[in-house]
Protein chains: 2
Amino acid sequence: MPEAPFIPVIPAGGAGTRLWPLSRRARPKFLLDLTGSGTSLLQQTVQRLAPLADSPPIIVTGGAQAGAVRVQLDEMGSPGSGVRARIITEPSPRSSMPAIALAAALVEHEEPDAVIGSFAADHLISAPEDFARDVAAARQVAELGYLVTLGIRPTSPATGFGYIEQAPAEQHPAGPGTDPAACRALGALPVSRFVEKPDLDTAERFVAAGTFFWNAGMFVVRARVLLDELAVQIPGLARGVREIAAASGTEKYDEVLARNWPTLTSIAIDHALAEPLAAAGRVAVVPASFGWDDVGDFAALARQLREWGPDADGSDVRVLGTSTVDAIGSAATVYGSTDRHIALVGLQGISIVDTEDALLVLADDHAQDLTRLVDLLDEHGRGRLR
Amino acid sequence: MPEAPFIPVIPAGGAGTRLWPLSRRARPKFLLDLTGSGTSLLQQTVQRLAPLADSPPIIVTGGAQAGAVRVQLDEMGSPGSGVRARIITEPSPRSSMPAIALAAALVEHEEPDAVIGSFAADHLISAPEDFARDVAAARQVAELGYLVTLGIRPTSPATGFGYIEQAPAEQHPAGPGTDPAACRALGALPVSRFVEKPDLDTAERFVAAGTFFWNAGMFVVRARVLLDELAVQIPGLARGVREIAAASGTEKYDEVLARNWPTLTSIAIDHALAEPLAAAGRVAVVPASFGWDDVGDFAALARQLREWGPDADGSDVRVLGTSTVDAIGSAATVYGSTDRHIALVGLQGISIVDTEDALLVLADDHAQDLTRLVDLLDEHGRGRLR
């Protein structure tokens, strides 16, 4: 059983364009209910993590979203109370490492031995009991001093994800703070390297090799280990977040945050920590036993809804939202909650997003082209729709 | 040159479902601008016929549409005056023969020698000068006593139209009121028969034979000939419309119309007159030299707009209406004038109709299934949208 206290960290940022106009700058994907469950991806993430936590989860989000995050947290609890979670507001977006490092520094400041677990606010995960078991294993490996990631066994040669390669036991580098035998005993595998999004040929080799995982951006690590290693790799970043954390709870906090934040290196945790630690043999992967999807575009969302979602009467049409839909000879996905009635004839593999100010009709097999279309909004003076 | 006065008749009825939700019960196809020209099909029909007319065209329409028809006619003229056209209101829809017969009876009552020409209010016709020349030829043949139709040379084995077969000269039946030689001298061909919508095999044979025309429902005939022959075929119908016409201009008109109208046989002019007169050798066809399309469904409309309509910048998307559209990798047709912005990605052969209360997304190659979908509206308690 893990012994150190566990505190989840939920970076909730990123105004992606691949689910526009369902997601907008002011209403990012993590605030959306993409499963028809009545809860947003953020709410599901909090619900999944809160039972595993020894202190309230820390949500790191942007100033523009903090209010909406608070409202969604309040919705989850009994009236007036809400789920206990802590919201840290970033003065400006600076990629994932500063956000996670700041949360780690606050945890280290308050509970020096604690393990943090960082999980994206906008991914779908099935089988929460499997997730809980995998996180428990990751915590124990983290207590050994590892940076632990939960890796997803690839089901296709996807080119939209980074990959994680497990190290062959005999080639595993030994060094300070590594204990491959204990690591394996807990069901984790030492990691040799992280690989950025590959081309298709490379992805196919990875899948065929059987020794690669998808990188789902899930990291479990002692807060102090994270910050000490960060102090080696990017000293100013570790120093900055520790200075902010030291001011936590005082009247100087806002000033110290505002002064330090713009100086922090804007970098992803993969580059800042995961890659150098993997090279040093200090990263382990716990193979995920739960279902996972990052719902990266409308094609992925349509696949998810086909597996999990509600089925409109007598057709192969999924409806997310309250829109009324009639369909003939169609396999399609509809997102909408306007008063408008929606009628579909003869459509195959089409997604339709019906909102008050924008309508998207998209062929799922061209879902990746949506980003270019959203770029057109700015070019054509319609940036208000983003 | 034709000598008898010519008076166009425009039956403007029919609440079709094949262009829903662009067309509605309260806004039938003939009231719509389907070409982006700023004028409705009805207005185009009036504009095309008025210059050929010796008395104002007669529009026969339903009570529900009469007000909208008047507004559109007023729009066409100088303020306050409008185009001179006469609107006859049917107390209830009774198919095409009663509507055309009533117009013929009013004409006969006022100008006993006049030739009428009946043309649908909701078809597209290109090259108005060719149309005018063909109508002039038809008028001269009609003065010989024929029922003259303008036939469309088929460009495909369409199964959605009726066909007209020209008679071989040597087999042409002679009889009272026929003069095949004079008819041919005027560029018209005697007709042997009208054929209802055929199956595909039959249509292919017709097209291969080269002796068939599409029946576009265009009839040119002396009013008196039409009514005298109708008096032979369906005596009560001829008697009824002549009784109504006799009351025209008197205070009894409304009462006589209301009393007689429900007694008139509800029948199409093809069955009531064209078929029996063809068998008697008294129908002639003038091969149309103009372009024609009945814009019967969204596939036909998309084809038309591809030939004639405006092209959205840098894509193969046609937009009818004021909607703003961005598209990537799409060949589609958009109908809309809402404030909503429309975005298309990767669509091929799709029509989108965006209205305030209903949205249709349709694969053009399934356009014929739309009627079934509109039926669903009633079944699902959404009849208000029809």
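Residues numbered from 1 in each chain as written. Chains lettered and ligands numbered in written order. Predicted model: local features only at pLDDT ≥ 70, side-chain atom pairs only at ≥ 80, totals over all residues. Heavy atoms only, no water.

Chemist: Which parts of the structure should I look at to understand the overall build of chain A?
Modeler: Within chain A, the secondary structure is distributed over 12 helices and 17 strands. Over its C-alpha atoms chain A spans a radius of gyration of 22 Å, differing by no more than 12% from the 21 Å that the globule rule assigns to 386 residues. Each of the three principal axes of chain A carries a C-alpha extent, and together these read 65 × 55 × 45 Å. Counting only contacts in chain A whose residues sit at least 6 apart along the sequence, the fraction spanning at least 24 positions is 71%. Here chain A displays about 15,100 Å² of accessible surface, and carbon together with sulfur accounts for 51% of that area. Side-chain charges in chain A split into 32 positive and 48 negative, and the spacing between the mean points of these groups amounts to 4 Å. (Helix = DSSP H or I, 4+ residues; strand = E, 2+ residues; numbered from the N terminus. Rg over C-alpha atoms; globule rule 2.2 N^0.38 Å. Contact = heavy atoms within 4.5 Å. Areas by Shrake-Rupley, 256 points an atom, 1.4 Å probe, with all protein chains shown as cover. Lys, Arg positive; Asp, Glu negative; His and termini not counted. Charge placed at Lys NZ, Arg CZ, Asp CG, Glu CD.)

Chemist: Can you walk me through the interface of chain A and chain B in this structure?
Modeler: Accessible area lost upon the coming together of the parts is a frequently used measure of interface size. Contact residues are listed per partner, giving 36 residues for chain A and 36 residues for chain B. Here chain A and chain B share an interface that buries about 2,800 Å² over both sides, 67% of which is from carbon and sulfur atoms. Linking chain A to chain B there are two salt bridges. Put simply, R382 of chain B and D326 of chain A hold a salt bridge, and the shortest N to O gap is 2.9 Å. (Buried area = accessible area lost by both parts, 1.4 Å probe. Salt bridge = Lys/Arg side-chain N within 4 Å of Asp/Glu carboxyl O.)

Chemist: Before we go on, may I ask you to explain the confidence of the model for chain A in this structure?
Modeler: Do not read the predicted coordinates in detail wherever pLDDT is low. Confidence in the prediction of chain A, expressed as mean pLDDT, is 92, and 94% of residues score 70 or more. For this predicted complex, the interface confidence reaches an ipTM of 0.87, while the overall pTM sits at 0.87. (pLDDT = per-residue confidence, 0-100.)

Chemist: I tried to follow the relation of the copies chain A and chain B on my own but got confused; where do I start?
Modeler: The pair of chain copies shares a relation made of a rotation about an axis and a shift along it. Mapping chain A onto chain B leaves a residual RMSD of 0.1 Å; the transformation is a rotation of 180 degrees accompanied by 0.0 Å of translation along its axis. Put plainly, the chains are arranged around a two-fold axis. Residue V361 of chain A, judged by its C-alpha, is the member of chain A lying nearest the rotation axis, at 4.1 Å. Mapped onto chain B, 100% of the interface residues of chain A are again interface residues, and the two copies thus contact each other with one and the same surface. (Least-squares fit on C-alpha atoms with pLDDT ≥ 70 in both.)

Chemist: Help me understand the sheet that holds strand β13 (residues 325-328) of chain A in this model?
Modeler: Strands pair in a sheet through their backbones, by hydrogen bonds, and they do so in one of two ways: parallel or antiparallel. Here we have six strands laid out as an open sheet, ordered β13(A)-β15(A)-β17(B)-β16(B)-β14(B)-β12(B), and mixed in their pairing. Each of the sheet's edge strands pairs with one partner strand only, and the pair in question is β13 of chain A together with β12 (316-320) of chain B. Pairs of neighbouring strands in the sheet enclose a mean axial angle of 10 degrees, with direction left out of account. Pairing analysis gives five bridges linking β12 of chain B to strand β14 (residues 331-336) of chain B, with the strands arranged parallel. Bridge assignment links L320 of chain B to a residue of β14 of chain B, and that residue is Y335 of chain B. (Pairing = 2+ DSSP bridges. Axes fitted to C-alpha atoms, helices over the stretch in contact; angles between N-to-C directions.)

Chemist: In this structure, what is going on with the packing of aromatic side chains? I would like to understand it.
Modeler: Two measures describe an aromatic ring pair: the distance that separates the ring centres and the angle between the ring planes. Residues and elements named next belong to chain A. Applying the stated criterion across every chain, the model contains 18 aromatic pairs over all chains. Ring geometry for F298 against Y335: centres 5.4 Å apart, planes inclined by 50 degrees, an arrangement best described as tilted. Residue F298 is found in helix α11 (residues 298-308), and its partner Y335 is found in strand β14 (residues 331-336); the two are separated by 37 residues along the sequence. Assigned by exposure class, F298 and Y335 land together as buried. (Phe/Tyr/Trp six-rings, centres within 6.5 Å; stacked < 30°, edge-to-face > 60°. Buried < 20%, exposed > 50% of the residue type's maximum accessible area, 1.4 Å probe, protein only.)

Chemist: Would you take a moment to explain the packing of helix α7 (residues 223-233) of chain B against helix α10 (residues 269-279) of chain B for this structure?
Modeler: In helix packing, the relevant descriptors are the interaxial angle and the interaxial distance, both defined with respect to the helix axes. Residue and element names in this part refer to chain B. Two numbers describe how α7 lies on α10: the axes approach to 10 Å, and their chain directions differ by 90 degrees. Compared by their axis directions, α7 and α10 come out roughly perpendicular. Residues L226, E229, L230 and Q233 of α7 lie in contact with α10, whose contacting residues are A272, L273, P276 and L277. Residues of the contact of α7 with α10, tallied by class, amount to six nonpolar, one polar and one charged. (Parallel < 35°, antiparallel > 145°, perpendicular 65-115°, else oblique. Nonpolar A, V, L, I, M, F, W, Y, C, P; charged D, E, K, R; others polar.)

Chemist: Explain the domain arrangement of chain A here, please?
Modeler: Residues and elements named next belong to chain A. Segmenting chain A into domains produces domain 1 (6-293) and domain 2 (298-385). When each unit is reduced to the centre of its C-alpha atoms, the spacing between domain 1 and domain 2 is 30 Å. The partner domain 2 presents 21 residues to the 16 residues of domain 1 that form the contact. Across the domain 1/domain 2 interface, buried area totals approximately 1,600 Å², and carbon plus sulfur atoms make up 66% of it. One can count one salt bridge joining domain 1 with domain 2. If you look at where domain 1 meets domain 2, you find six residue pairs in polar contact (both at pLDDT 80 or more). Taken together, the residues that form the side of domain 1 that touches domain 2 break down as seven nonpolar, four polar and five charged. (Domains from an automatic or database assignment. Polar contact = N/O pair within 3.5 Å; in protein donor to acceptor, adjacent residues only side chain to side chain.)

Chemist: Is there a simple way to explain the UniProt feature "domain: MannoseP isomerase/GMP-like beta-helix" (unreviewed entry) in chain A in this structure?
Modeler: Residues given the UniProt feature "domain: MannoseP isomerase/GMP-like beta-helix" (unreviewed entry) here are residues 330-375 of chain A. Helix makes up 13% of residues 330-375 of chain A and strand 52%, and the two end C-alpha atoms of the span are 30 Å apart. (UniProt positions renumbered as here; feature names shortened; annotations may be inferred.)

Chemist: Sorry, what's going on with the pattern of salt bridges here?
Modeler: Pairing is possible between side chains that carry opposite charge, provided their charged atoms lie close to one another. All names here are of chain A. Across all of its chains, the model carries 36 salt bridges over all chains by this definition. Residue D122 pairs with K29 through a salt bridge whose shortest N-O separation is 3.8 Å. Pair noted here: D122 is in the loop between β4 (115-118) and β5 (124-125) and K29 is in the loop between β1 (6-12) and α1 (41-49), with a separation of 93 residues, a long-range link. Salt bridges linked by common partners bring E108, D228 and R242 together as one network.

Chemist: It is not clear to me how the packing of helix α7 (residues 223-233) of chain A against helix α8 (residues 235-246) of chain A should be interpreted in this structure. Could you clarify?
Modeler: Residue and element names in this part refer to chain A. Interaxial distance between α7 and α8 falls to 5 Å at its minimum, and their mutual angle equals 135 degrees. As judged from the angle between their axes, α7 and α8 are oblique. Each of R224, L227, D228, L230, A231, V232 and Q233 in α7 lies in contact with α8, whose residues at this interface are P235, L237, A238, V241 and R242. Class assignment of the residues belonging to the contact of α7 with α8 gives a composition of eight nonpolar, one polar and three charged.

Chemist: Hey, could you run me through the sheet that holds strand β12 (residues 316-320) of chain A in this one?
Modeler: Spatial ordering of the open sheet is given by β12(A)-β14(A)-β16(A)-β17(A)-β15(B)-β13(B), a layout of six strands whose pairing is mixed. Of all strands in the sheet, those bounded by a partner on one side alone are β12 of chain A together with β13 (325-328) of chain B. Here the average twist between neighbouring strands, direction ignored, is 10 degrees. In this sheet, strand β15 (residues 341-345) of chain B lies alongside strand β17 (residues 358-363) of chain A in parallel orientation, the contact comprising five bridges. Note that in β15 of chain B the partner of L362 of chain A across the bridge is V345 of chain B. In this fold helix α12 (residues 370-379) of chain A packs onto β17 of chain A together with β13 and β15 of chain B, with an angle of close to 150 degrees to the strand it touches most, β13 of chain B.

Chemist: Just to check I follow, could you spell out the pairing of strand β1 (residues 6-12) of chain B for this structure?
Modeler: Regular strands place their side chains on alternate faces of the sheet. All names here are of chain B. With respect to burial, β1 is a largely interior element, six of its seven residues being buried. With four bridges connecting them, β1 and strand β4 (residues 115-118) associate as parallel partners. Of the residues in β4, the one forming a bridge with F6 is V115.

Chemist: Mind showing me how you'd approach α1 of chain A here?
Modeler: All names here are of chain A. Taking burial as the measure, the nine residues of α1 include eight buried ones, the bulk of the element. All of the buried residues in α1 are L41, L42, Q43, Q44, T45, V46, R48 and L49. On its buried face, α1 sits against β1, β2 (58-62), α2 (63-76), β5 and α4 (128-143).

Chemist: What's the story with a negative patch on the surface in this structure? I'm lost.
Modeler: A surface patch of negative charge is lined by D339 and E356 of chain A together with D339 and E356 of chain B. Along the chain, D339 of chain B falls in the loop between β14 and β15. For D339 of chain B, a relative accessible area of 76% puts it in the exposed group. (Patch = residues over 30% accessible without salt bridge, like charges linked within 9 Å, V, L, I, M, F, W, Y side chains within 5 Å.)

Chemist: Which parts of the structure should I look at to understand the environment of R84 of chain A?
Modeler: All names here are of chain A. The residue R84 is located in the loop between α2 and β3 (86-90) in this model. Among the residues examined, R84 registers a relative accessible area of 64% and is labelled exposed. Spatially, the C-alpha atom of R84 lies 9.6 Å from that of I58, the residues being 26 residues apart in sequence. With near-sequence residues (within four places) excluded, R84 lies in contact with P56 and P57.

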